[in-house]
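# Results of the structural survey
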Amino acid sequence: MKEIINITFPDGKSHEERKGITGFEIAEKISKSVAKEAIAFKVNDEIQDLSHCIEKDAQVEIIKKDNVAALEIIRHDCAHIMAEAVQALFPNTQVTIGPAIENGFYYDFAKEEPFTVNDFDKIEKKMLEIIDQGKNFTREVWTRDQAINFFSKRGENYKTELINDLDTDETITIYKQGEWLDLCKGPHMPSTKYIGKAFKLMKVAGAYWRGDSSNAMLTRIYGTAWRNEKELTEYLNQLEEAEKRDHRKLGKEMDLFHFQEEAPGAVFWHPKGWGLFQSLINYMRKRQDQAGYVETNTPDLLDRSLWETSGHWEKFRGNMFTTEEKEGRIFAIKPMNCPGAVEIYKQGLKSYRDLPLRISEFGKVHRYEPSGALFGLMRVRAFTQDDAHIFCTENQITSESKIVCDLILSIYKDFGFTDVIIKYSDRPEKRVGEDHVWDKAEKALKEAVKTTGLAYTINPGEGAFYGPKLDFILRDAIGRDWQCGTLQVDLNLPSRLGATYIDENGQKKTPVMLHRALFGSLERFTGILIEHYAGNLPFWLSPLQIVVATITSDSDNYADNIFNQLRDKGLRVKKDIRNEKIGYKIREHSIAKIPVIMVIGKKEAENKTVSLRKLGSKKTETFKIDEITKILFKESLSPYNK
RNA sequence: GCCGCGUUAGCUCAUUUGGUAGAGCAGUUGAUUUGUAAUCAUCAGGUGGUCAGUUCGAUUCCGACACGCGGCACCA
């Protein structure tokens, strides 16, 4: 008896086919050329090998190599090929896992002597050989015993461990390419030859087995792989472009800040960098004033006992800097501003009428980050938060959270960030507080994030121990994601530190504390801005906005006049009356990314004008000095003030 | 913290087997008064990250440490 199934193609057309038909057979039926280019197929949205048999009615789509969906398969194939190449060249290497990732793939190996980049040439060459041989990928189902026997005989202890940890009902599949094989779920392309040449090994790194720092350190090789060489080249160019935006490089070139070994993870802000930093603070101060915040400042050093009460001493002692004992007391440098904020709140009796009370602080905190975590301005040990603590009632959580979300997004927009990732994290396993309060807090926060209209992802169990949180994430030039803003609902600290208010019935109650930072770390945000603008800071943020450059010393007096007029308007301006050619001055200030260069010579002095040249443009425009002062003054206001 | 790599003049980089380092830019001084991305010349500039070790001799070889970089882990 012949059984018939229905397969439906993306264009909506259905065909009757024999039950058990494979993807390859379907491709062949469509056309010879499709069969030739097909590398996998989608069955009800799940990508399968072409050899997969369809047993019941299904939606089917053939995937050719030029399909985006092919990328992941190519990368995964590439990881297998690399593993084979590595084992061929270095027989004492154990394979572990090797997935496809964004832009490429990696494979973790266990090897006595770690690989170095010098091994890449050899490995790549071997990979090309394997690809050229056009080995077929074939899938086999093995029994657990068969798999364990095979891998343990080969001394592949990591693979054996993986198999042992698989659920008993899980099918154990093996993918072979010629002789070489690996435990793998697939899918793979029909043959290694489809990979082509558009791949490159990128870097070696250590990585813990199963991502656990108590396990052995493996050697990871990262590679990138694409559908064709054009895509590969584009990707490599993109990386090069990103490198040019690196805030560490630009920070040096633009003379914004430096680090030195006596202060690892702490910034030396140069005058220009500090100017930028201050512009950000001033901007935020205005926005917060407008949003009903009051600004405070609290001590950097606080007695150990306070940190014990707050719970920090027990939980975060390892990340705190402390003083030596003086007169029997130990102090700790604050890793967070919240205890200080609570202490300010506690001064004087608070009524429900005082709530919500929004207390802000540009507080500098110190945290002992592991040395390996430090990274330019993005991850430091000493940083300034645009911190605030909103004390409110439980009923005010949602409305206050909404206000914070709106504020944060409005602020990011002023800096040109519209692509913000939001992560919502709910209750972790280790937490304080009762479940019904958590229910309330989570519901309130979720409602708030929904009103932003932005997509958010849920991080189950990643909340703070005292409450759920939202993280606002921006992406840097190199594609790394950085958490900037955060909003945390804290149902714990206020009571630990004894904060109260009197409600409308005269009852003493504990307020809820919303802990929020919008830029997050001023240091990190500055770094992200530098990369975001590739150093070409907008006029209002640029620490040095205008250079008045003379052509000859005849114009020195006129330069003085212009300089004074601009400076009196509060514009950040510098004179360049050096005995240099104008081309030389233009070049130097362009490299320094000064937004506006005003060139003045005889002509300008006679007509009371300036010749203006904007960064990134070769065009020059002539303005009357009063006119341009007005224009630039307007441009120097933050977007919020415009 | 872990694995790997790196550290040479203010900056960007040279100097292949061990014989105490060189260029460009920046800086100095001088000449040049110049019209929109580099005027010419002059001088100066370094105990080669730090500390130990091997050696007659170390920037070069070995080791420790510091810092940085690429990842991993961490990130209240």
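Quick summary incoming for the structure in this document.

## Describing the sheet that holds strand β12 (residues 172-177)
- Ordered in space as β11-β12-β13, the three strands form an open sheet in which the pairing is antiparallel. Each edge of the sheet is formed by a strand with only one pairing partner; in this case those strands are β11 (137-142) and β13 (180-183). Here the strands of the sheet are splayed against their neighbours by 25° on average, with no regard to which way each runs.
- Bridge analysis of β12 against β13 gives four bridges, and the strand direction is antiparallel. Among the inter-strand pairings, I174 is bridged to a residue of β13, identified as L183.
- Strands β11, β12 and β13 of the sheet are contacted by helix α5 (residues 144-153), whose axis makes an angle of about 115° with β11.

## What about unusual backbone geometry?
- Across the junction of G186 and P187, the peptide omega takes the value -5°, indicating a cis bond.
- Within the element layout of this structure, P187 appears in the loop between β13 and β14 (199-208).
- Along the chain, L355 connects to P356 via a cis peptide bond; the corresponding omega equals -5°.
- With respect to the helices and strands, the residue P356 is situated in the loop between α12 (338-346) and β21 (357-366).
- Residue D255 is not a glycine yet carries a positive backbone phi of 55°.
- Along the chain, D255 falls in the loop between α8 (247-253) and β16 (257-258).
- A positive phi angle, close to 50°, is found at A534, a residue other than glycine.
- Within the secondary structure layout, A534 lies in the loop between α16 (522-532) and β30 (546-550).

## A closer look at α12
- Among the residues of α12, those classed as buried are C338, P339, G340, A341, V342 and Y345.
- Of the residues one or two after α12, G348 is the one with positive phi, at around 85°.

## Side note on the packing of aromatic side chains
- Evaluation of the coordinates by the stated rule reveals 25 aromatic pairs.
- Relative to F115, the ring of F90 lies with its centre 5.2 Å away and its plane at 80°, an arrangement referred to as edge-to-face. Note that F90 is positioned in the loop between α3 (70-89) and β8 (94-95) and F115 in the loop between β10 (104-110) and α4 (120-132), a separation of 25 residues in sequence. For the residue pair F90 and F115, the accessibility class agrees, reading buried in each case.
- An aromatic cluster is defined as three or more aromatic residues linked by ring pairs; in this entry it consists of Y283, Y412, F415, F417, F519, F525 and W540.
- Taking NZ or CZ as reference, K111 lies 4.6 Å from the ring centre of F115, over its face.

## Overview of the sheet that holds strand β25 (residues 469-475)
- An order of β18-β21-β22-β29-β26-β25-β23-β24 is seen for the eight strands of this open sheet, with the pairing classed as mixed. With partners counted over all chains shown, the strands left at the sheet margins are β18 (294-296) and β24 (456-459), one partner each. Strand-to-strand, the axes of this sheet are offset by a mean angle of 25°, without reference to chain direction.
- Sheet analysis places strand β22 (residues 382-392) next to strand β29 (residues 512-521), joined by seven bridges and oriented antiparallel. Its bridge partner being in β29, Q385 is matched across the sheet by S521.

## Things to note about the protein's contact with RNA strand B
- Contacts to RNA strand B come from 55 residues, most closely from S371, N579, R587, E604 and S611.
- Taken together, the sugar and phosphate atoms account for 49% of what RNA strand B places within 4 Å of the protein.
- Taking Y466, its side chain carries an N or O atom lying 3.4 Å from a sugar or linking oxygen of RNA strand B.
- Contact distances for RNA strand B include 2.5 Å between a sugar or linking oxygen and a side-chain N or O atom of R613.
- Mapped by element, the contributors of at least two residues to the surface near RNA strand B are β14, β15 (217-225), α8, α18 (582-591), α19 (602-607) and β33 (609-614).
- Of all the elements, α18 adds the most residues to the surface near RNA strand B, at seven residues.

## Observations regarding the pairing of strand β34 (residues 620-624)
- The sheet contact formed by β33 and β34 spans five bridges and is antiparallel. For V610, the partnering residue across the bridge sits in β34 and is F623.
- Hairpin connection of β33 to β34: five residues between the antiparallel strands, including G616 at a positive phi of 90°.

## Things to note about the state of the cysteines
- For the structure on display, the rule yields zero disulfides.
- The structure places no disulfide on C53, whose sulfur is separated from the nearest cysteine sulfur, that of C184, by 18 Å.
- No disulfide involves C338; its sulfur sits 15 Å from that of C392, the nearest cysteine.

## Digging into the side chain of E84
- Of note, E84 is situated in helix α3.
- You can call E84 buried: its relative accessible area is 10%.
- With residues near it in sequence (within four places) discarded, E84 still touches I130, K135, Q177 and W180.

What counts as what
Residues numbered from 1 in each chain as written. Chains lettered and ligands numbered in written order. Predicted model: local features only at pLDDT ≥ 70, side-chain atom pairs only at ≥ 80, totals over all residues. Heavy atoms only, no water. Pairing = 2+ DSSP bridges. Helix = DSSP H or I, 4+ residues; strand = E, 2+ residues; numbered from the N terminus. Axes fitted to C-alpha atoms, helices over the stretch in contact; angles between N-to-C directions. Contact = heavy atoms within 4.5 Å. Buried < 20%, exposed > 50% of the residue type's maximum accessible area, 1.4 Å probe, protein only. Phe/Tyr/Trp six-rings, centres within 6.5 Å; stacked < 30°, edge-to-face > 60°. Lys NZ or Arg CZ within 6 Å of the ring centre and 35° of its normal. Near = heavy atom within 4 Å. Polar contact = N/O pair within 3.5 Å; in protein donor to acceptor, adjacent residues only side chain to side chain. Disulfide = S-S within 2.5 Å.

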